[in-house]
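Residues per chain, in single letters:
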Amino acid sequence: MVTTHTVTVEPIGRQIACREDQNLLDACLRNGIWMPHSCTHGTCATCKADLLDGDVDHGDASAFALMDFERTEGKLLLCQACPRSDVTIEGDIEAEEGLEFSPVRDFVGTVTEISDIARETRLVRIGLDSPMEFSAGQYVSITVPGQDCTRTYSMANPPSQPEAIELNIRRTPGGLASDGWVFKNLAVGDQVELSGPYGRFVFRPAREEKVIMIAGGTGLAPILSMIRHILSDPSTTHELHLFQGARQEVDLYAVEELRSLAAQHPDRLHYYPCLSDEEWDGPRGLVTEVLDEQFDRLREHVAYVCGPPPMVQAATKLLMRKRLFPRDIFHEDFFDESDKNSGGLKSPLLKH
Ligand SMILES: Cc1cc2nc3c(=O)[nH]c(=O)nc-3n(C[C@H](O)[C@H](O)[C@H](O)COP(=O)(O)OP(=O)(O)OC[C@H]3O[C@@H](n4cnc5c(N)ncnc54)[C@H](O)[C@@H]3O)c2cc1C
Ligand code: FES
């Protein structure tokens, strides 16, 4: 039997149980204590916290996200550290007006649809054994069958459809989950184990400014969830400007749906699908170049950016140059295993 320890979470002083094979973030999120986190695999450093008392195993924390001297000074990454005694930790417990997060739970899902939606990109729909409450923009962690590891994928469906999740998965050549499983032998009817919802890249309804959305590749998934949610919720009136980046037309997906939504809501959704490597009759260039041409300044806007880390970095720089503050920029970096070794850290300017 795995030993369980007591974790005291400061500054709220709550005590929760955590198994030796469970990381501290998982224990907090399952108990409704919303600790900051983003990648959940030891790369982004968002979940860094203080170990005030006790011993932990630091797990697979990237040496870039948690440096040796920080370990000595009593820092840890909540998403990697597992208790080896009763411990006391202290972190910034998240509380933001208008936001409520659902506790993380385990689910068993059954694959009901697999379809190719763009080059090297698949839609995978998974029916759940019980509905998952989540906020638009969040993600799940899926156990890769036969491997002692999990991978994270964002929901593209809106929270109003909690019985099944839609994932948009891009193939990473040689990748354990995408290439070795999803694109190889995942089939309709297969059962999958997953947990969720995770993440704080969520739509903030209380921010009423105009919204800039920037998506690279399958970074569209959480943004699609937000758009589907916002445009079908009569209580929201936000005006959205979506910049979707791809190299060629075959790499774009959800284009028909987004064009149709833009036609149905001409004052609410402005859609710019951008191609960087091909001439066509739509916007040409990197998403950042197209955005740069469209807007001189972006004061009084809020931005949501998601995709490969270099794209997120470039977009963030541009947004700040156009006068957005870090508090106005929400982002999700699709870090993968290679980022852990190369130090794919998010911009130090951004807190979210
Ligand atoms: C919050 C979040 C949400 C995400 N949502 C989505 C989504 O909606 N859709 C989507 O397509 N992706 C998403 N991703 C990315 C996804 O989680 C995976 O990282 C991606 O699918 C690759 O996983 P893989 O198992 O196929 O590849 P991996 O096996 O993880 O390999 C990825 C790359 O790392 C290299 N690599 C593997 N192991 C090592 C190692 N030890 N050292 C150095 N290099 C190594 C591989 O060669 C490869 O180039 C998300 C990521 C995050 C953090
Ligand atoms: S959430 Fe822990 S390092 Fe990213």
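Residues numbered from 1 in each chain as written. Chains lettered and ligands numbered in written order. Predicted model: local features only at pLDDT ≥ 70, side-chain atom pairs only at ≥ 80, totals over all residues. Heavy atoms only, no water.

A. Quick look at the nonpolar core. Judged by nonpolar contacts, the single largest core of 33 residues is most densely connected at M213, I223, I227, L242 and L269. Contributing elements (two or more residues each) for this core: β14 (210–216), α4 (220–232), β15 (240–246), α5 (255–264), β16 (269–275) and β17 (301–307). Looking at which element gives the most residues to this core, the answer is α4, with 8 residues. Split by domain, this core shows at least three residues from each of two domains, domain 2 (105–198) and domain 3 (210–342). Here M213 is in contact with I223, M226, I227, I230, L240, H241, L242, F243 and Y304, once residues within four sequence places are set aside. C18, W34, C47 and A65 belong to the second largest nonpolar core, which has 29 residues in total. (Core = buried A, V, L, I, M, F, W, Y, C linked by side-chain atoms within 4.5 Å. Buried < 20%, exposed > 50% of the residue type's maximum accessible area, 1.4 Å probe, protein only. Helix = DSSP H or I, 4+ residues; strand = E, 2+ residues; numbered from the N terminus. Domains from an automatic or database assignment. Contact = heavy atoms within 4.5 Å.)

B. Representation of the state of the cysteines within the structure. Overall, the coordinates contain 0 disulfides when judged by the stated rule. C18 provides the cysteine sulfur closest to C82, a residue in no disulfide bond, and the two sulfurs are 6.6 Å apart. Left unpaired, C306 is separated from the closest cysteine sulfur, that of C44, by 13 Å. (Disulfide = S-S within 2.5 Å.)

C. Representation of the environment of Y304 within the structure. On the secondary structure map, Y304 appears in strand β17. When the C-alpha atoms of Y304 and I212 are compared, they prove to be 6.3 Å apart, with 92 residues separating the residues in sequence. Not counting the four nearest positions on each side in its chain, Y304 is found in contact with F201, V202, F203, R204, V211, I212, M213, I214, I223, M226 and F330. Within the structure, Y304 has its side chain in polar contact with the backbone nitrogen of R204 (distance 2.9 Å). (Polar contact = N/O pair within 3.5 Å; in protein donor to acceptor, adjacent residues only side chain to side chain.)

D. Main features of the site of ligand 1. Every one of the 24 residues lining ligand 1 counts as a neighbour, but R151, T152, Y153, S178 and N341 are closest to it. One of the side-chain N or O atoms of R151 is found 2.6 Å from an oxygen atom in ligand 1. Within the contact set of ligand 1, an oxygen atom lies 3.0 Å away from a backbone nitrogen or oxygen of S154. Considering ligand 1 on its own, with 970 Å² of exposed area, one finds that the protein chains cover 78% of that surface. Those elements that place two or more of their residues in the shell around ligand 1 are β11 (150–154), β12 (164–170), β18 (329–333) and α8 (337–342). In terms of residues, the shell around ligand 1 owes the most to one element, β11, which gives 4 residues. Of the residues that constitute the shell around ligand 1, the class distribution is 8 nonpolar, 10 polar and 6 charged. (Near = heavy atom within 4 Å. Areas by Shrake-Rupley, 256 points an atom, 1.4 Å probe, with all protein chains shown as cover. Nonpolar A, V, L, I, M, F, W, Y, C, P; charged D, E, K, R; others polar.)

E. Spatial organisation of the packing of aromatic side chains. This model, assessed by the stated rule, comprises 7 aromatic pairs. With a centroid separation of 4.1 Å and 5 degrees between ring planes, the pair formed by W34 and F101 is classed as stacked. Of this pair, W34 sits in the loop between α1 (24–30) and β3 (48–53) while F101 sits in the loop between β7 (87–90) and β8 (105–118), and the two are 67 residues apart along the sequence. Exposure remark for F101: the relative accessible area of 22% places this residue in the partly exposed category. Between Y304 and F330 the ring centres are 5.4 Å apart and the planes differ by 25 degrees, which places this aromatic pair in the stacked class. Within this pair, whereas Y304 is found in strand β17, its partner F330 is found in strand β18, the two being separated by 26 residues in sequence. For the pair Y304 and F330, one class covers both residues: buried. These aromatic residues form a ring-pair network of at least three members: F201, F203, Y304 and F330. The ring of F183 has R122 lying over it, and the distance from NZ or CZ to the ring centre is 4.6 Å. (Phe/Tyr/Trp six-rings, centres within 6.5 Å; stacked < 30°, edge-to-face > 60°. Lys NZ or Arg CZ within 6 Å of the ring centre and 35° of its normal.)

F. The arrangement of the sheet that holds β16 in detail. Judged by pairing direction, the sheet is parallel, and its 5 strands sit side by side in the order β16-β15-β14-β17-β18 without closing on themselves. Where the open sheet ends on each side, the last strands, each with one partner, are β16 and β18. The sheet shows a mean angle of 10 degrees between the axes of neighbouring strands, direction not considered. Alignment of β14 against β15, held across 6 bridges, turns out to be parallel. Residue pairing in the sheet places G216 in a bridge with G245 of β15. Here α4 sits on the sheet in contact with β14, β15, β16 and β17, set at roughly 145 degrees to β14. Its contacts with the sheet place helix α7 (residues 309–321) against β14, β17 and β18, and it is angled at close to 165 degrees to β17. (Pairing = 2+ DSSP bridges. Axes fitted to C-alpha atoms, helices over the stretch in contact; angles between N-to-C directions.)

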